[in-house]
Amino acid sequence: MTEAVPGPAGTGSDPCGCGEGGCHPITLSTTDGEALEFCCSPGQNVLTAAAEAGATLPASCKQGTCGSCHANVTVGEYELGSHSPQALSEKERDEHGGVLLCRTFPRGPISADLPYDGSRVLRGEIPVREATITALEEVARDTVRLEVRLDGDSDEGLDCQFEPGRFVELQPPGRADAKRAYSLANTGNWDGLMEFYVRLRPDGAFSGHLREEARPGSTLVVRGPLGAFGLNETGLRPRWLVAGGTGLAPMLSMARHMVEWREPHPVRLILGVNEEEEVFGLSEMRELADEAPATSPVGGLPGFEFDVCVWRPGDTWPGPVGTPADLVRAGLKSQDVLPDLYVCGPPPLIDSVLEAAVGGGVAEENVFWERFLPS
């Protein structure tokens, strides 16, 4: 089922020179002014057309459920296929021309704005490699830490460079139905190592593989790195990294990157879970606090600090009670310099933190997020 959506006034241009028949010209503009121009065949979605033209745009599920391929149409008409309202809200659609490119089928020329710069667009083929599981351990209730090492002895085989915040797709060999996307928790390296935190879902295809079949020494297929989520250069404001559950993975990657490179921004990491048994990552966050400078050279604030909050704690929980949005709301009241916020978690977390941040004076364009849904 699709929905006919009239775009803003105008008919767009003809960037590909294909004229009236055949295909629809598409122009996608990045935040740094780069224009991606290509053709989209009738009945084809924009995401697929871009890939066929050699530009792999950030996307995960490709089924309208994750929101990773979000864009805002500025000119043109299109059919918007069925999608999750958590991935694209009615407000985003109606007020900003919001679309999911995997569910956008042009009816003519289309122009749209992408919410990231040109460096987040992958040109050429996506790397697909095999890796061996080197660690698989339970770290909290229904949550495991997974570590893999890319196979191969050559420099190319062990090249594991990526920007913090990116994800890869993991798949058991021969099991395309069990391919799932997971954010990287470590930083880029030349040792071929990748680290993940995976929530084990009762009916999850990849979760089931980890629970029942995978062991250290087992192999996985790794596709990527991919994605647009990551650190943005907006000045020397503090950076608050806000995570729900396994959304901690990309935040650890970002924090580790900043500590390794001695970036001057003060960093605060906030992790929220529902119950105490779901808390993990404490040793990793304490290690970062020990490695970071005691104070940031910007504003004299702590170089790195972290909080873990529990929504429904037991009687013995010693930490903050509530949600990440509660901590953001309270923290902004005493903040002299408003921070940039990076948020990763399920849609309700994203929405509540965004509301708390904007309500506390943070500009909406200084809140960056990646939402995920159970799969």
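Residues numbered from 1 in each chain as written. Predicted model: local features only at pLDDT ≥ 70, side-chain atom pairs only at ≥ 80, totals over all residues. Heavy atoms only, no water.

Comments concerning helix α8 (residues 347-359)
Move 1: Taking 1.5 Å of rise per residue, the 13 residues of α8 would be expected to cover 18 Å, and the 18 Å separating its terminal C-alpha atoms lies within 8% of that figure.
Move 2: For α8, the full list of buried residues reads Pro-347, Leu-349, Ile-350, Val-353, Leu-354, Ala-356 and Ala-357.
Move 3: On its buried side, α8 packs onto β17 (239-244), α7 (324-332), β20 (340-345) and β21 (367-371).
Move 4: Count one or two residues on from α8 and you reach Gly-361, which has phi positive near 105°. (Helix = DSSP H or I, 4+ residues; strand = E, 2+ residues; numbered from the N terminus. Expected span 1.5 Å × (residues − 1). Buried < 20%, exposed > 50% of the residue type's maximum accessible area, 1.4 Å probe, protein only. Contact = heavy atoms within 4.5 Å.)

Some words on unusual backbone geometry
Move 1: Of note, the bond from Gly-224 into Pro-225 is cis; its omega dihedral lies within 30 degrees of zero at 15°.
Move 2: Mapping Pro-225 onto the fold places it in strand β16 (residues 219-226).
Move 3: At Asp-142, a residue that is not glycine, the phi angle is positive and equals roughly 60°.
Move 4: With respect to the helices and strands, Asp-142 occurs in the loop between β11 (128-140) and β12 (143-150).
Move 5: Although it is not a glycine, Arg-262 adopts a positive phi angle of roughly 50°.

Quick look at the packing of aromatic side chains
Move 1: Applying the stated criterion across every chain, the model contains 4 aromatic pairs.
Move 2: Note on Phe-304 and Phe-306: the rings are 6.3 Å apart at their centroids and 35° apart in plane angle, and the pair reads as tilted.
Move 3: Between Arg-268 and the ring centre of Trp-240, over which it is positioned, the NZ or CZ distance is 5.0 Å. (Phe/Tyr/Trp six-rings, centres within 6.5 Å; stacked < 30°, edge-to-face > 60°. Lys NZ or Arg CZ within 6 Å of the ring centre and 35° of its normal.)

Topic: the sheet that holds strand β15 (residues 193-199)
Move 1: If you walk across this open sheet you meet the 6 strands as β14-β13-β16-β11-β12-β15, and the pairing is antiparallel. Where the open sheet ends on each side, the last strands, each with one partner, are β14 (180-183) and β15. Across the sheet, the mean angle from the axis of one strand to that of its neighbour is 40°, orientation sign disregarded.
Move 2: One ladder, built from 5 bridges, connects β11 with β16; its direction is antiparallel. For Thr-132, the partnering residue across the bridge sits in β16 and is Thr-219. (Pairing = 2+ DSSP bridges. Axes fitted to C-alpha atoms, helices over the stretch in contact; angles between N-to-C directions.)

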